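Below are the chains, spelled out letter by letter.
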Amino acid sequence: MWDDVKALDTSAKIVDLFAADPDRAEDFSATALEMLFDYSKTGIDGASRRALLALAQNAGVEAKRDAMFAGEVINETEGRAVLHTALRNLDGDPVLVEGFDVMPEVLATLDRMERFAEELRSGAFQGQGGKITDVVNIGIGGSDLGPAMATLALAPYHDGPRVHYVSNVDGAHIADTLRGLDPAKTLVIVASKTFTTIETMTNARTAMAWMSEAVTEPAAQFAALSTSEEKTAAMGIPASRVFGFEDWVGGRYSLWGPIGLGIMIAVGGPAFRAFLRGAQAMDRHFCAAELGENLPVMLALVGIWHNQICGHTTRAVLPYDQRLSRLPAYLQQLEMESNGKSVRMDGSDSPVHTGPVVWGEPGTNGQHAFYQLIHQGSRVVPCEFLLAAIGHEPDLAHQHDLLAANCLAQSEALMKGRSLAEARALMAAKGLSGDELERQARHRVFAGNRPSTVLLYPKLTPEILGQIIALYEHRVFVEGVILGINSFDQWGVELGKELATALQPIVEGRESAAGKDSSTRGLVHYIRTRAGG
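Everything quoted here is computed from the prediction, not taken from an experiment.

Chemist: So what's going on with unusual backbone geometry? Which residues, and what values?
Modeler: Residues G363 and T364 are joined by a peptide bond in cis, for which omega reads 10°. Its place among the elements puts T364 in the loop between β13 (357-359) and α15 (371-376). Within the chain, E98 stands out as a residue other than glycine whose phi angle is a positive 55°. Mapped onto the elements of the fold, E98 is located in the loop between β3 (96-97) and β4 (100-101). Given the relative accessible area of 82%, E98 is considered exposed. Positive phi is not limited to glycine here, since N449 has a value of about 60°. As for its position among the elements, N449 is in the loop between α18 (434-443) and β15 (452-457).

Right, dumping it as structure tokens:
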């Protein structure tokens, strides 16, 4: 399947493609839902795009997409359906899992969440010191990255209690978060599907002890996002404040349901539903649009082109939107936990490298940090820029214009670069000559021909944020289908957890390190001697 695309010519210069096709920007972009995805500043030409689309068709992307939305068991290694899309199916169209329509329960849970959030926001639900002013969400991975990212992204819409997120088992995280909060006016949300995640439950116990020092009924100010009513009840959390979700919702895809309760508390039910509507609109586009005009498909094919065909192993996600500063970290998990595999669905080794290393920071900060490597480093780093046409601060529109100019300039500079002849002329204009001119000129050469894409959207509203996240979710799905891997399990997370459980009593000094390798024994010895053990 890969032979045709791996034989494609990847040596074309992007500027030459523009010279050969004056309408290239129009030809190599796609629009949907008021969003514009411009992939013209890549090395993809007409022939390579046709080959990429054929690759998607031959992999059965459309059939597998339809199977996912129909509730079929596409997560084969865990025997589960994959239906996070049902959480944003606000119209309640039937979604069947083993012949059972899951939508009534999904919508009922959403209604329960909204009632609780409104009680909290209005003051009808009070802490033991009056109206709740702060909410602390304790989770990790998908129970933290998504809602933390989205809550920050929707800051202009916050009109509820302040929402804080704790994830790291490092005690510094929860200590710094709780410092300055009033326990009597704080609600703690514990987000763990099984209520067994060690980092989350350790932080939850710390929060319970903190609450116990100030209020007579600490559990009265706890809620849980979990399917384990037995364990939540053991912590004293009543069923009315427990919001569960099914095993067909993976952690990194879960912010659309109960895991998104913190978002709903911050922005309110109507804004949260607009967020879901945006994702639902992208779902419908993904299901209906032809492959060549399908935003998730084309975003995925650009990723395949850069990683599997051109051999670029990393991908920089660069939102020129400060409120999307956590989006790269969220997409790290979404992409690298989903497609960071080396074994195909049938158990065979993948014939190509799979997921790229995803990283990034918001512009313009990154320009003064790592863009040096992107422009002049020896490795090519494909860049994905995101930019809103309009900001939320009309009195600071001039700053948004400067932000937009920087984003577009970086995309242009990566493509054009600066030749040695241009650098020589620049140095000559500064009065240099001879060997010094040549030396200084070489330091000012930019190779150019560095690929990038730009995703433009009108304004970062709840609806647009939903569209962006769903776009990237479906992009990961399409890439996984083409690679022939299961994007919905994460067995690579398990081994470290198992070893950490075994090592904890050794680090604590309750068990001997005998039997461990010499490195681990030496590291434990250092920790124990410095800790006084």
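Chemist: Lay out the side chain of N203 with the relevant residues and their values.
Modeler: With respect to the helices and strands, the residue N203 is situated in helix α9 (residues 198-212). A distance of 3.1 Å separates a polar side-chain atom of N203 from the backbone oxygen of N168. If sequence neighbours within four positions are ignored, N203 has contacts with I138, V166, S167, N168, V169 and I174.

Chemist: An account of the sheet that holds strand β8 (residues 162-166) is requested, with residue identities and associated values reported.
Modeler: If you walk across this open sheet you meet the 5 strands as β8-β7-β9-β10-β11, and the pairing is parallel. Edge positions in the sheet fall to β8 and β11 (242-243), since each has one partner strand and no second. Where strand β10 (residues 222-225) lies against β11, 2 bridges are found, and the strand directions are parallel. Paired with A224 across the two strands is V242, which belongs to β11. α9 rests against β7 (134-138), β8, β9 (186-191) and β10 of the sheet, and its axis sits at about 160° to β9.

Chemist: An account of the packing of aromatic side chains is requested, with residue identities and associated values reported.
Modeler: The relation between two aromatic rings is expressed through the spacing of the ring centres and the mutual angle of the planes. Counted according to the given criterion, the structure contains 13 aromatic pairs. Seen from their ring centres, F116 and F243 are 5.8 Å apart, and the 40° between their planes marks the pair as tilted. With F116 in helix α6 (residues 103-122) and F243 in strand β11, this pair connects stretches of sequence that are 127 residues apart. Every member of this aromatic cluster is reached through a ring pair, and the members are F69, Y253, F286, F477 and F488.

Chemist: Lay out the pairing of β7 with the relevant residues and their values.
Modeler: Of all 5 residues making up β7, 5 are buried, and the element is well covered by its neighbours. Along β7, one buried face is formed by D134, V136 and I138 and the opposite face, lined by V135 and N137, is buried too. Sheet analysis places β7 next to β8, joined by 5 bridges and oriented parallel. For I138, the partnering residue across the bridge sits in β8 and is V166.

Chemist: Break down the layout of surface pockets for me, with residues and values.
Modeler: When its volume is computed, the largest pocket comes out at roughly 1200 Å³. The wall of the largest pocket is formed by 43 residues, among which I140, T197, V493, E494 and K497 lie closest to the centre. Elements that contribute at least two residues to the lining of the largest pocket include exactly α9, α14 (327-339) and α20 (494-507). Examining the composition of the lining of the largest pocket, we find that 8 residues originate from one element, α20, more than from any other. For the lining of the largest pocket, the class distribution of residues is 16 nonpolar, 18 polar and 9 charged.

Chemist: Go over the packing of helix α7 (residues 145-153) against α14, please, and point to the residues and values.
Modeler: Taken N-terminus to C-terminus, the directions of α7 and α14 make an angle of 155°; their axes are 9 Å apart at the nearest point. When the axis of α7 is compared with that of α14, the two are roughly antiparallel. As for the relative orientation of α7 and α14, their crossing is left-handed in sense. Where α7 approaches α14, its residues L145, G146 and M149 are matched on the opposing element by L327, A329, Y330 and Q333. For the contact of α7 with α14, a count of residues per class yields 5 nonpolar, 2 polar and no charged.

Thresholds applied
Residues numbered from 1 in each chain as written. Predicted model: local features only at pLDDT ≥ 70, side-chain atom pairs only at ≥ 80, totals over all residues. Heavy atoms only, no water. Helix = DSSP H or I, 4+ residues; strand = E, 2+ residues; numbered from the N terminus. Buried < 20%, exposed > 50% of the residue type's maximum accessible area, 1.4 Å probe, protein only. Polar contact = N/O pair within 3.5 Å; in protein donor to acceptor, adjacent residues only side chain to side chain. Contact = heavy atoms within 4.5 Å. Pairing = 2+ DSSP bridges. Axes fitted to C-alpha atoms, helices over the stretch in contact; angles between N-to-C directions. Phe/Tyr/Trp six-rings, centres within 6.5 Å; stacked < 30°, edge-to-face > 60°. 1 Å grid on protein atoms, 1.4 Å probe; cavity = no way out; pocket = protein on both sides within 12 Å on 5 of 7 lines; lining within 4 Å. Points joined across faces, edges and corners; volume = space filled by probe spheres on them. Nonpolar A, V, L, I, M, F, W, Y, C, P; charged D, E, K, R; others polar. Parallel < 35°, antiparallel > 145°, perpendicular 65-115°, else oblique. Left-handed = near helix turned anticlockwise from the far one by under 90°.

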